[in-house]
Amino acid sequence: MKKRLFLRTALCAFAIAATGLHAPAIQAAEKPFKVGLIVPMTGAFASTGRQLHSAVQAYMKDHGDTVAGRKIQVILKDDNGVAANSRKLAQELIVNDDVDVIAGFGLTPITLAVAPIATQSKTPMVLMAAQTQANTEASPYMVRSSGTITQVTSGIAQWAVENDIKTAVTLVPDYAPGYESEEAFKKYFLAAGGKILEEIRVPMRNPDFAPFLQRVRDVKPDALFVMLPSGPGAALLKQYGQRGLADAGIRLIGHGAITDDDNLNQAGDAALGVITSDYYATSHDSEMNRKFIETYKSIDGTSRPNFFGVAGYDGMHLIYEALRKTDGKAEGMAFVDAMKNLSFESPRGPVTLDPESRDFIQNIYMRKVEKVGDEYQNVEFDVIERVNAAGETK
């Protein structure tokens, strides 16, 4: 088995070289297969880390911890949502722990910080969260089990123009994923004859939405399109209701993160009627999804799985299936190649790993927030089938 070493120089933080040494007496099948899971378990994005970690445990509970004769060992590392921490942890996992795969990665800056390490060490990297479309281009060893912002946004943009929404204001966070969602919405909305009245970008940290929502009310569009991470999304939902935009006839539509299933109950009645698109909702009607939710809640009884939860579950499925296809071997690009073209039924529905983008081709669901029993749910009412990473149907 090849070992990987980091050679630090004054010119760069690290370099990785294969020594070609072989473990003298231990066969591959006798060694555990190690997955280094790097996620934010503390800090502002801890809910993402909790979702991914719980879903990984749920998958192993459902499918066992041995594949192709190898025991699966997950090594959890908390990066606190800080890219410098993620980079350091990835180095330590590859060199000190000799992991076979690194996985997780809650944010785009973290993904881009770790990608060069995956490339230089030839370590497969399963991106389970960050959705900026270009992420997988950062390393040929990276595959993604969530979705892209463009892929998700394309659904709501197409729905809007087909449902008598002629004018819109866009509101997104002032960083790369926000810009990407804004551009995706404009691409489809404008092409179909829609008109953007104003483009609003809000600060990432602790934004006060009141002045922005007043601007929207003054402009009087048919709809407000929003893309925000789930935490700020819940805050916006409440202020949208308080500011009377719904009463003024301004519909709220958006990327699915604003009605994140993990936080939706906190938004309460303010979320009712909001239309979003995404690749997963907790309410997805399938036996596999009901089983997934049951197992997930047996591990984390304080929340319900969201789009990142199902991505963690499916990311482990990619790892397990690739290990079966390679007969227990995890040799860099051969392991990545074993994931390409994998098609399977997920709790979210049918998925196929596109060999070109290394992203899922998957269904994008239209959802409306409704109260079901004592809970608020994203209820699916339509579907765009087989959407690729670029937001195009295949």
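Calculation rules
- Residues numbered from 1 in each chain as written.
- Predicted model: local features only at pLDDT ≥ 70, side-chain atom pairs only at ≥ 80, totals over all residues.
- Heavy atoms only, no water.
- Helix = DSSP H or I, 4+ residues; strand = E, 2+ residues; numbered from the N terminus.
- Rg over C-alpha atoms; globule rule 2.2 N^0.38 Å.
- Buried < 20%, exposed > 50% of the residue type's maximum accessible area, 1.4 Å probe, protein only.
- Contact = heavy atoms within 4.5 Å.
- Areas by Shrake-Rupley, 256 points an atom, 1.4 Å probe, with all protein chains shown as cover.
- Pairing = 2+ DSSP bridges.
- Core = buried A, V, L, I, M, F, W, Y, C linked by side-chain atoms within 4.5 Å.
- Salt bridge = Lys/Arg side-chain N within 4 Å of Asp/Glu carboxyl O.

*Asks:* How should I be thinking about the overall build of the chain in this particular structure?
*Replies:* When helices and strands are counted, the chain shows 11 helices and 17 strands. For 394 residues, the compact-globule estimate of 2.2 N^0.38 gives 21 Å, and the chain sits close to it at 21 Å. Projected onto its principal axes, the C-alpha coordinates of the chain cover approximately 75 × 50 × 35 Å. Out of the 394 residues belonging to the chain, those deemed buried represent 57%. Across the chain, the fraction of contacts at a sequence separation of at least 24, relative to all contacts at a separation of at least 6, is 66%. When the accessible area of the chain is evaluated, it comes to approximately 15,600 Å², of which 50% is carbon and sulfur surface.

*Asks:* Explain the pairing of strand β3 (residues 33-39) to me, please; I cannot follow it from the model alone.
*Replies:* Remember that side chains alternate between the two faces of the sheet whenever the strand is regular. Where burial is concerned, most of β3 is hidden: six out of the seven residues are buried. Relative to strand β5 (residues 70-78), β3 runs parallel, the two sharing seven bridges. Across the sheet, Phe33 pairs through a bridge with Ile72, a residue of β5. In the sheet, β3 pairs with strand β6 (residues 101-104) via four bridges, with the strands oriented parallel. Note that in β6 the partner of Ile38 across the bridge is Gly104.

*Asks:* Would you mind going over the nonpolar core with me for this structure?
*Replies:* Nonpolar side chains in soluble globular proteins generally cluster together in the buried interior. Grouped together as the largest cluster of nonpolar side chains are 50 residues, with contacts concentrated most on Phe33, Ile72, Tyr279, Met316, Ile319, Phe335 and Met339. Residue contributions to this core peak at 11 residues, all from helix α10 (residues 307-325). Residues in contact with Met316, not counting those within four places in the same chain, are Val56, Tyr59, Met60, Ile72, Val74 and Met128.

*Asks:* Would you take a moment to explain the pattern of salt bridges for this structure?
*Replies:* Note on pairing: side chains with opposite charge can pair once their charged atoms come close. As enumerated under the stated definition, the model contains 19 salt bridges in all. Ionic pairing is found between Lys31 and Asp98, a salt bridge with its closest N-O pair at 3.5 Å. Placement of the pair is Lys31 in the loop between β2 (16-18) and β3 and Asp98 in the loop between α2 (83-95) and β6, with a sequence separation of 67 residues. Across this residue pair, the class does not change: Lys31 and Asp98 are buried. Here Lys166 ties to Asp164 by a salt bridge, and the two come within 2.3 Å at their closest N and O atoms. A single network of salt bridges, built from pairs that share partners, joins Arg50, Asp262 and Asp300.

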